[in-house]
Amino acid sequence: MNNEPGLTTEIVHSDREFGVEHGGLHKPIHTSVQYGFDKVEDLIGVFQGTLKGGFNYARQGTPTTAALEAKLTMMEQGVGTVSFATGMAAITALFLTLLRAGDHIVSSRYVFGNTNSLLGTLGDLGIAVSKVDACVVRHVAQALRPETRMVFVETVANPGTQIPDLDAIGRLCREKGVLFVVDNTILSPALFRPKDVGAGLVVHSLTKTIAGHGNALGGAVIDTGLFDWSRYPNINEAYRKGDAKQWGLTQIRKKGLRDMGGSLSSQHAHLIGAGAETLVLRLAQTSATAMALARFLEGHPAVARVHYPMLQSHPQHALAQKHFKAGSWLMAFELRNADACLEVLNRLKLPVKATGMGDSRTLVIPVAHTIFWEAGAAARAEMGIADGLIRVSVGLEDSADLIADFAQALAD
Ligand SMILES: *Cc1c(COP(=O)(O)O)cnc(C)c1O
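Residues numbered from 1 in each chain as written. Predicted model: local features only at pLDDT ≥ 70, side-chain atom pairs only at ≥ 80, totals over all residues. Heavy atoms only, no water.

> Just checking my understanding: could you explain the overall build of the chain for this structure?
Within the chain one finds 14 helices and 12 strands. For 412 residues, the compact-globule estimate of 2.2 N^0.38 gives 22 Å, and the chain sits close to it at 22 Å. Each principal axis of the C-alpha distribution contributes one length, and for the chain these read about 75 × 55 × 45 Å. Considering the chain as a whole, with its 412 residues, one finds that 52% of them fall into the buried category. Taking all contacts inside the chain whose residues are at least 6 apart in sequence as the whole, residues at least 24 apart take part in 69%. (Helix = DSSP H or I, 4+ residues; strand = E, 2+ residues; numbered from the N terminus. Rg over C-alpha atoms; globule rule 2.2 N^0.38 Å. Buried < 20%, exposed > 50% of the residue type's maximum accessible area, 1.4 Å probe, protein only. Contact = heavy atoms within 4.5 Å.)

Here it is in structure tokens:
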């Protein structure tokens, strides 16, 4: 018999493991910006890090954000978490606190558009970036240099659903002593744990899968405990103290949260924590609906191609089957007639025409006309973004209702 509690059991009881306040079952929203002490020694203890679990100023965290961080650490089976106001704040803090001018980073070329833009900013700051097709580990291996500090990939890319060769890249990074960073926003630990393929750090936009309701922004960096920070050259002297497992996250918290200030509010931490309780249930529903919709679309004469990891036709289908419990809510499909794209979208009644993803409502967007418009036609062609490509973020609607709606929208 397996005595490990399931993920949902752990999530819904995690707040109580860290002390209930007044018997409340849910962690309260702590709104205080300042935290005071009876004895000045305790105030000093918070500053010097000797008073564990103490708070002093909400930019560095509150009891509510700390409770969410503990929950996320448990969910990714890590050793610690730092939360941020948005996913982009988390990724920016991670890059700017761990990389220096003269360093090099290898990134998948299939990453979230704003992350791609941020990689351009790193270039401006003197950090070299190689963007490779990480679906093939050889491309990552060939890009490595002596000054390569990290390899960055997303578990499932948006909108094309490309999947990097996760365990091969993990092995390569371990062999070379390079930090492996995985953005696990789309799948979440309900479907896949990057720690299982050797990731040292896991990044999340909590806004999407983990919150799941589209009412709160948030981000997080989680340390899996696998990376040996004593070998990482860019840790400041001040943070090279105590357990080396905590050095990286200490630097991200001090430099990235305290100094850069993209802090998560208690209100949003509470909303994200409440959303996380239904994570496993939502992903079972949205993954099943997405699979049914993907099969329906793949069989439709008006559709040229469907991008969904759990379809046999997906280029990395074997990888997805090996590593992921299900395919999640993200898919994209190409119409045979790109000119019909806007008309089809306007005929859809249930899905909302909106950017963003991971909401409880199904969202659709024409990719070339919107999120990849600024990139230009040449970059779109290189990334495989066809003019008739539609991204679908599958919500909680009943599967039959959604499929019927797509059927009527595609009928001519
Ligand atoms: C949305 C997203 C982000 C950015 O998160 P925000 O919370 O919107 O800032 C980062 N990575 C991925 C994969 C995303 O989908």
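> When you look at the layout of surface pockets in this model, what are you seeing that I'm missing?
Approximately 1500 Å³ is the volume attributed to the largest pocket. Lining the largest pocket are 42 residues; nearest its centre among them are Gly 49, Lys 52, Gly 53, Arg 253 and Lys 254. Contributing elements (two or more residues each) for the lining of the largest pocket: α1 (7-17), α2 (40-48), α3 (63-75), β1 (80-84) and α8 (247-259). In this structure, the second largest pocket encloses a volume near 700 Å³. Looking at the second largest pocket, it is lined by 34 residues, and the ones nearest its centre are Phe 112, Gly 113, Asn 114, Thr 115 and Ile 371. The dominant element in the lining of the second largest pocket, judged by the number of residues it contributes, is helix α5 (residues 113-124), at five residues. For the lining of the second largest pocket, the residue count by class is 14 nonpolar, 15 polar and five charged. Per-domain counts for the lining of the second largest pocket show at least three residues from each of domain 1 (10-276) and domain 2 (279-410). (1 Å grid on protein atoms, 1.4 Å probe; cavity = no way out; pocket = protein on both sides within 12 Å on 5 of 7 lines; lining within 4 Å. Points joined across faces, edges and corners; volume = space filled by probe spheres on them. Nonpolar A, V, L, I, M, F, W, Y, C, P; charged D, E, K, R; others polar. Domains from an automatic or database assignment.)

> Just to check I follow, could you spell out the side chain of Arg 380 for this structure?
Here Arg 380 lies in helix α13 (residues 377-382). Buried and without a salt bridge, Arg 380 has Asp 387 as its closest oppositely charged side chain, separated by 4.3 Å. Setting aside residues up to four positions removed in sequence, Arg 380 forms contacts with Ala 368, Phe 372, Trp 373, Ile 385 and Asp 387. (Lys, Arg positive; Asp, Glu negative; His and termini not counted. Salt bridge = Lys/Arg side-chain N within 4 Å of Asp/Glu carboxyl O.)

> What is the right way to look at the packing of aromatic side chains in this model?
Each aromatic ring pair is summarised here by two numbers: the centre-to-centre distance and the angle between the ring planes. Under the defined criterion, the tally for this structure stands at seven aromatic pairs. Plain terms: the ring middles of Phe 192 and Phe 324 are 5.3 Å apart, the flat faces sit at 65° to each other, and that makes the pair edge-to-face. Taken together, the positions of Phe 192 in the loop between β5 (179-183) and β6 (201-205) and Phe 324 in the loop between α11 (317-323) and β9 (330-335) put the pair 132 residues apart, joining distant regions of the chain. Note on Phe 192: relative accessible area 5%, which makes it buried. Using a relative accessible area of 5% as the deciding quantity, one classes Phe 324 as buried. Through pairs of rings, three or more aromatic residues link up here, namely Phe 227, Trp 229 and Tyr 232. (Phe/Tyr/Trp six-rings, centres within 6.5 Å; stacked < 30°, edge-to-face > 60°.)

> Got a minute to help me understand the environment of Val 392 in this structure?
Relative to the helices and strands, Val 392 is located in strand β12 (residues 389-393). Put simply, Val 392 and Val 364 are 28 residues apart on the chain and 4.7 Å apart in space, counted from C-alpha to C-alpha.

> How do you make sense of the side chain of His 213 when you look at a structure like this?
Tracing the backbone through its elements, the reader meets His 213 in the loop between β6 and β7 (219-223). Reaching out from His 213, the side chain makes a polar contact with the backbone nitrogen of Asn 215 at a distance of 3.1 Å. Beyond its immediate sequence surroundings of up to four residues, His 213 is in contact with Leu 271, Gly 275, Gly 358, Asp 359 and Ser 360. (Polar contact = N/O pair within 3.5 Å; in protein donor to acceptor, adjacent residues only side chain to side chain.)

> Honestly, the domain arrangement of the chain in this entry has me stumped. Any pointers?
For interface size, the figure often reported is the accessible area lost on association. One can read the domain layout of the chain as domain 1 (10-276) and domain 2 (279-410). Relative placement of domain 1 and domain 2: their C-alpha centres are 28 Å apart. Each side of the interface is counted separately: domain 1 has 33 residues, and domain 2 has 34 residues. Summing both sides of the interface, domain 1 and domain 2 together bury roughly 2700 Å²; the carbon and sulfur share of this comes to 63%. For the pair domain 1 and domain 2, the number of links is one salt bridge. A salt bridge links Asp 167 to Lys 322, with the nearest nitrogen and oxygen atoms 2.6 Å apart. Elements supplying a minimum of two residues to the side of domain 1 that touches domain 2: α7 (166-176) and α9 (266-276). Counted by class, the side of domain 1 that touches domain 2 contains 18 nonpolar, 11 polar and four charged residues. (Buried area = accessible area lost by both parts, 1.4 Å probe.)

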